[in-house]
Amino acid sequence: MDNTIWLTQEAYAKLREDYDYATGPLRDTISTKIGAAREEGDLSENAGYHAAKDEQGQNELRIRRLKAILDTAQVGEVGQSNDVVRPGATVTIAFDGDMDDTETFLLGSRELLSLDNNVDTSVYSPQSPVGSAVLGRKVGDEVTYAAPNGRQMSITIVEIQGFSA
């Protein structure tokens, strides 16, 4: 499966800003904390030193994750209606063919979940049960998938808004 992560320009800019902060000022701050804790003496019982080293490890992990996202990101925006569900598309589905019971979601990367806590649209990865069920499908297609609880769910694809780079 394609490892491309679909991002809007705003999401990409925010991730880039986070990356620049983590590799610059935050790294410097943590380094200063470690240096100050080292000066206190015995490192084996120095809680400040161990806390700063843990913070450093978490920051370095975050840097690697952000770099991986930025390196594989496809930047674009939601465009005109598309005929096939692809990663980056916004998809509206109806449950059990009931056009009054619909849900709209972005088929994208789980990394998008952490970008903005004010996002109104749900994000499903292409590997999720719903995501894999709709991937490659067209408007009007009816599909069945196994929900995490094992129950079989039937959905109809109502609308697809494509992602244009």
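Our subject is the structure that appears above.
A short tour of the structure in this document, coming up. (Residues numbered from 1 in each chain as written. Predicted model: local features only at pLDDT ≥ 70, side-chain atom pairs only at ≥ 80, totals over all residues. Heavy atoms only, no water.)

**Some remarks on the pairing of strand 3 (residues 90–95)**
We count it as follows: Buried, partly exposed and exposed residues are distinguished by accessible area as a fraction of the type maximum, computed with a 1.4 Å probe on protein chains only: under 20%, between the cut-offs, and over 50%, respectively. Note on conventions: DSSP H or I runs of at least 4 residues are helices, E runs of at least 2 residues are strands, and numbering of each starts at the N terminus. In this analysis, strands are considered paired if DSSP registers two or more bridges between them.
Across the six residues that make up strand 3, a large majority, six, are buried. Every second residue of strand 3 is oriented toward a common face, with T90, T92 and A94 on one face and V91, I93 and F95 on the other, all of them buried. Across six bridges, the pairing between strand 3 and strand 4 (residues 98–107) is antiparallel. Across the sheet, the residue bridging to I93 is E103, located in strand 4.

**Considering helix 1 (residues 9–23)**
What counts is decided by this rule: Here a helix's expected span is defined as the number of its residues, less one, multiplied by 1.5 Å. The arc in question is formed by the directions pointing from the helix axis toward the C-beta atoms.
Relative to the 21 Å expected for 15 residues at 1.5 Å per residue, helix 1 spans 21 Å between its end C-alpha atoms, a close match to the ideal helical length. Looking at helix 1, one finds that the buried residues are A11, L15, Y19 and A22. An end-on view of helix 1 places all buried positions within 75 degrees of arc, on one side of the element. For helix 1, the exposed residues lying more than 90 degrees away from the buried face are E10 and E17.

**Details of helix 3 (residues 47–72)**
The criterion, for reference: What qualifies as a polar contact is a pair of N or O atoms within 3.5 Å, subject to a donor-acceptor requirement within protein and to the restriction that residues adjacent in sequence count only when both atoms come from side chains.
Here helix 3 spans 38 Å end to end across 26 residues, near enough to the 38 Å set by a 1.5 Å rise per residue. Along helix 3, the residues that are buried comprise Y49, A52, N59, I63, L66, I69 and L70. Capping of helix 3 at its N-terminal end is provided by N46; its side-chain oxygen lies 3.1 Å from the backbone amide nitrogen of G48.

**A short note on the pattern of salt bridges**
Our working rule: One speaks of a salt bridge when a side-chain nitrogen belonging to Lys or Arg is within 4 Å of a carboxyl oxygen belonging to Asp or Glu.
Summed over all chains, the structure comprises six salt bridges. Close ionic contact of K14 with D18 constitutes a salt bridge, the shortest N to O distance being 3.2 Å. Note that K14 and D18 are positioned in helix 1 at a spacing of four residues, about one turn of the helix. With its nearest N and O atoms 2.9 Å apart, the salt bridge here joins K33 to E55. Of the two residues, K33 is situated in helix 2 (residues 25–38) and E55 in helix 3; the sequence distance between them amounts to 22 residues. Judged by relative accessible area, which is 39%, K33 ranks as partly exposed. On the accessibility criterion, E55 (26% relative accessible area) is partly exposed. Connected through shared salt-bridge partners, K14, D18 and R62 make up one network.

**Brief notes about the packing of helix 1 against helix 2**
Put simply, the test is: Between the N-to-C directions of two axes lies an angle of 0 to 180 degrees, each axis being a line fitted to C-alpha atoms and, for a helix, fitted only over the stretch in contact. Note on terminology: angles under 35 degrees are roughly parallel, angles over 145 are roughly antiparallel, angles of 65 to 115 are roughly perpendicular, and the others are oblique. Contacts are residue-level and defined by heavy atoms, with any inter-residue pair within 4.5 Å sufficient.
The interhelical angle for the contact between helix 1 and helix 2, taken along N-to-C directions, is 30 degrees, at an axis separation of 3 Å. The angle between helix 1 and helix 2 falls in the class roughly parallel. On helix 2, the residues that touch D20, Y21, A22 and T23 of helix 1 are P25, L26 and R27.

**Considering the nonpolar core**
Using the following cut-off: Residue types Ala, Val, Leu, Ile, Met, Phe, Trp, Tyr and Cys, when buried and joined through side-chain atoms within 4.5 Å, form a set referred to as a nonpolar core.
Judged by nonpolar contacts, the single largest core of 17 residues is most densely connected at I93, Y145 and I155. The set of elements that each furnish at least two residues to this core consists of strand 3, strand 4, helix 4 (129–134), strand 6 (142–146) and strand 7 (152–164). Considering every element that reaches this core, the biggest residue donor is strand 7, with four residues. If we ignore the near neighbours within four places in the chain, the residues touching I155 are I93, A94, F95, D96, V130, V134, D141, E142, V143 and Y145. If you look at the next biggest cluster of nonpolar residues, it comprises 10 residues, including I5, A11, A22 and L66.

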